[in-house]
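Summary of the model geometry
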Amino acid sequence: MNNWLIMQSMNNLIEKIHEAVKDMYSQVSFDEEEHKYTRKSDGKWLAGISSVSDILPKPYLIAWSAKMVTEFLQDKQDKIKELSNENYLLLLDEAKNTHRKKSKDALGLGSKGHEFLEKYILAKIRNIELPKLENKELERPIQEFIKWEEENIKQWILSEARICDIEEEIAGTLDALAILKDNKLAIIDFKFANQISQSYHLQTAGYSIPFEKYGIQIDDRIVIRLPKTLKKKVYNKQTRKYEEIDNNIEIRRSPFSIEFDKQNFRYARALYKYINASE
């Protein structure tokens, strides 16, 4: 296929995707405060795609929470000896909730990162001036992402796009959709996290489902983990100790086919409906 035909085919695909997303927007509303999707035709609540995929167990969180408590208390031995019983219990309660504070701080930084990436991709789509990164904490991961993007992305199509399948009663907001340099259509999901969870692959499979009824085939699904620190601690099962390693950007694809992941997402959707029987 010559370059003109490739370009024409790409433009037709992009137009088809934009029309599909426009139609999906017309079918569902989103409450940002409650983070809730509803079907406009009857007000029926639709399950969030990320919420469905998040029902997978995350056993590593138990060890991480215990580690947060230990780190909080390890330099407070002398202080503990001087505390009254009441203040000692207050300190223990603070230690117990350390993981929540850590998660909240990480969520805030991740939100800022997603906000910048949305502006960056939209600027690329609209061919306008790129935004300036003001948050220094995000400088390293964003630079690593931009390097990857220059090497792999041919054309950005969507950024923070609301999608839905009202028959399957699911909805979500995907981070990005792009055509790669190998001409594959790819869903791209950004994660500001310390590791890539299996649930992320189910999430990207879930994002592909709403495009099915429009005859749009997703060829690739990419999860990009953006590091927030130079180093990270990982648990070594052999030594049973945490080790510090370099914290670099990770680009991951699911080890399974998209059809297998979609099948398992639908199983997760059924289980999610069972757990939330009142939906």
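What counts, and at which threshold
- Residue numbers restart at each chain and count upward from 1, following the sequence in its written direction.
- Confidence filtering applies because this is a predicted model: local features only for residues at pLDDT of at least 70, side-chain atom pairs given and counted only at 80 or more, and all residues used for totals across whole chains, interfaces and linings.
- In computing side-chain values, all of the structure's heavy atoms are included and hydrogens and water are not.
- Each Phe, Tyr or Trp ring (for Trp, its six-membered ring) is paired with any other whose centre lies within 6.5 Å, and the angle between the two planes then decides the class: stacked below 30 degrees, edge-to-face above 60, tilted in between.
- Labels follow the DSSP assignment, with helices taken as runs of H or I lasting at least four residues and strands as runs of E lasting at least two, numbered in each case from the N terminus.
- Remark: exposure states derive from per-residue accessible area (1.4 Å probe, protein chains only) relative to the maximum for the residue type, with buried under 20%, exposed over 50%, and partly exposed in between.
- In this analysis the charged atom, NZ for Lys or CZ for Arg, is taken to sit over a ring once it is within 6 Å of the ring centre and within 35 degrees of the ring normal.
- Pairing between two strands requires that DSSP report at least two bridges joining them.
- Any carboxyl oxygen of Asp or Glu that lies within 4 Å of a side-chain nitrogen of Lys or Arg is treated as forming a salt bridge with it.
- Only C-alpha atoms enter the line fits that serve as axes; for helices the fit covers just the stretch in contact. Angles between N-to-C directions range over 0 to 180 degrees.
- Here the word oblique covers every angle except those under 35 degrees (roughly parallel), over 145 (roughly antiparallel) and from 65 to 115 (roughly perpendicular).
- Any pair of residues with heavy atoms lying within 4.5 Å of one another is described as a contacting pair.
- The span one expects for a helix is its residue count, reduced by one, times 1.5 Å.
- Buried Ala, Val, Leu, Ile, Met, Phe, Trp, Tyr and Cys residues form a nonpolar core when they are joined through side-chain atoms within 4.5 Å.

**Things to note about the packing of aromatic side chains**
Counting across every chain of the model gives 8 aromatic pairs. Seen from their ring centres, Phe 145 and Trp 156 are 6.3 Å apart, and the 45 degrees between their planes marks the pair as tilted. Of this pair, Phe 145 sits in helix 7 (residues 139-152) while Trp 156 sits in strand 4 (residues 153-165); the two residues are 11 residues apart in sequence, bridging distant segments of the chain. Like Phe 145, the residue Trp 156 is buried in the burial classification. In textbook terms, an aromatic cluster arises when at least three aromatic residues are bridged by ring pairs, as seen for Phe 116, Tyr 120, Phe 145, Trp 148, Trp 156 and Phe 190. Over the aromatic face of Tyr 200 sits the side chain of Lys 191, whose NZ or CZ is 4.5 Å from the ring centroid.

**A closer look at the pairing of strand 8 (residues 231-236)**
Alignment of strand 8 against strand 9 (residues 241-246), held across 6 bridges, turns out to be antiparallel. Within strand 9, the position partnered with Lys 232 by the bridge is Ile 245. The turn joining strand 8 and strand 9, which pair antiparallel and follow one another in sequence, is formed by 4 residues; a positive phi near 60 degrees is taken by Arg 240.

**Looking at the pattern of salt bridges**
The full count for this structure, using the stated rule, is 22 salt bridges. One salt bridge in this structure joins Arg 266 and Glu 168, with 2.7 Å as the shortest N-O distance. You can see Arg 266 sitting in helix 9 (residues 258-275) and its partner Glu 168 sitting in the loop between strand 4 and strand 5 (170-180), a full 98 residues away along the chain. By relative accessible area, which is 28% here, Glu 168 ends up partly exposed. The partner of Asp 220 in a salt bridge is Arg 253, with the nearest N and O atoms 2.9 Å apart. With a gap of 33 residues between them, Asp 220 in strand 7 (residues 220-225) and Arg 253 in the loop between strand 10 (250-252) and helix 9 connect regions that are remote in the sequence. The class of Arg 253 is partly exposed, set by a relative accessible area of 43%. Because the salt bridges share partners, they merge into one network encompassing Arg 39, Asp 42, Lys 44, Glu 169, Arg 269 and Lys 273.

**So, the packing of helix 8 (residues 198-212) against helix 9**
In contact at an axis separation of 8 Å, helix 8 and helix 9 are set at 95 degrees when each is read in the N-to-C sense. Here helix 8 is positioned roughly perpendicular relative to helix 9, judged by the angle of their axes. On the side of helix 8, the interface is formed by His 201, Leu 202, Ala 205, Gly 206, Ser 208, Ile 209 and Glu 212, while helix 9 contributes Ile 258, Asp 261, Lys 262, Asn 264, Phe 265, Arg 266 and Ala 268.

**Some thoughts on helix 1 (residues 3-27)**
The end-to-end C-alpha distance of helix 1, which contains 25 residues, comes to 37 Å, matching closely the 36 Å that a straight helix rising 1.5 Å per residue would cover. Taken together, the buried positions of helix 1 are occupied by Met 10, Ile 14, Ile 17, Ala 20, Val 21, Met 24 and Gln 27. In this fold, the buried residues of helix 1 make contact with strand 1 (28-31), strand 2 (36-39), strand 4, strand 5, strand 6 (185-191) and helix 8.

**Brief notes about the nonpolar core**
Within soluble globular proteins, side chains that are nonpolar generally end up buried alongside one another. Residues Ile 17, Met 24, Leu 158, Leu 177, Leu 185 and Phe 211 are the most contacted members of the largest nonpolar core, which totals 36 residues. Elements supplying a minimum of two residues to this core: helix 1, strand 3 (45-48), helix 2 (49-53), strand 4, strand 5, strand 6, helix 8 and helix 9. The greatest single-element share of this core, amounting to 6 residues, is contributed by helix 1. For Leu 185, the contacting residues outside a window of four places in its chain are Leu 13, Ile 17, Ile 157, Leu 177, Ala 178, Ile 179, Ile 216, Gln 217, Ile 218, Asp 219 and Asp 220. Counting residues in each nonpolar core, the second largest holds 21 residues, with Leu 138, Ala 176, Leu 180 and Ile 188 among its members.

**Side note on the pairing of strand 5**
Most of strand 5 sits inside the fold, with 10 of its 11 residues counted as buried. Taken together, the 10 bridges between strand 4 and strand 5 define a ladder with antiparallel strand orientation. Looking at strand 5, one finds that Leu 158 is bridged to Leu 177. Where strand 4 hands over to strand 5, the hairpin turn is made up of 4 residues, of which Glu 169 adopts a positive phi near 55 degrees.

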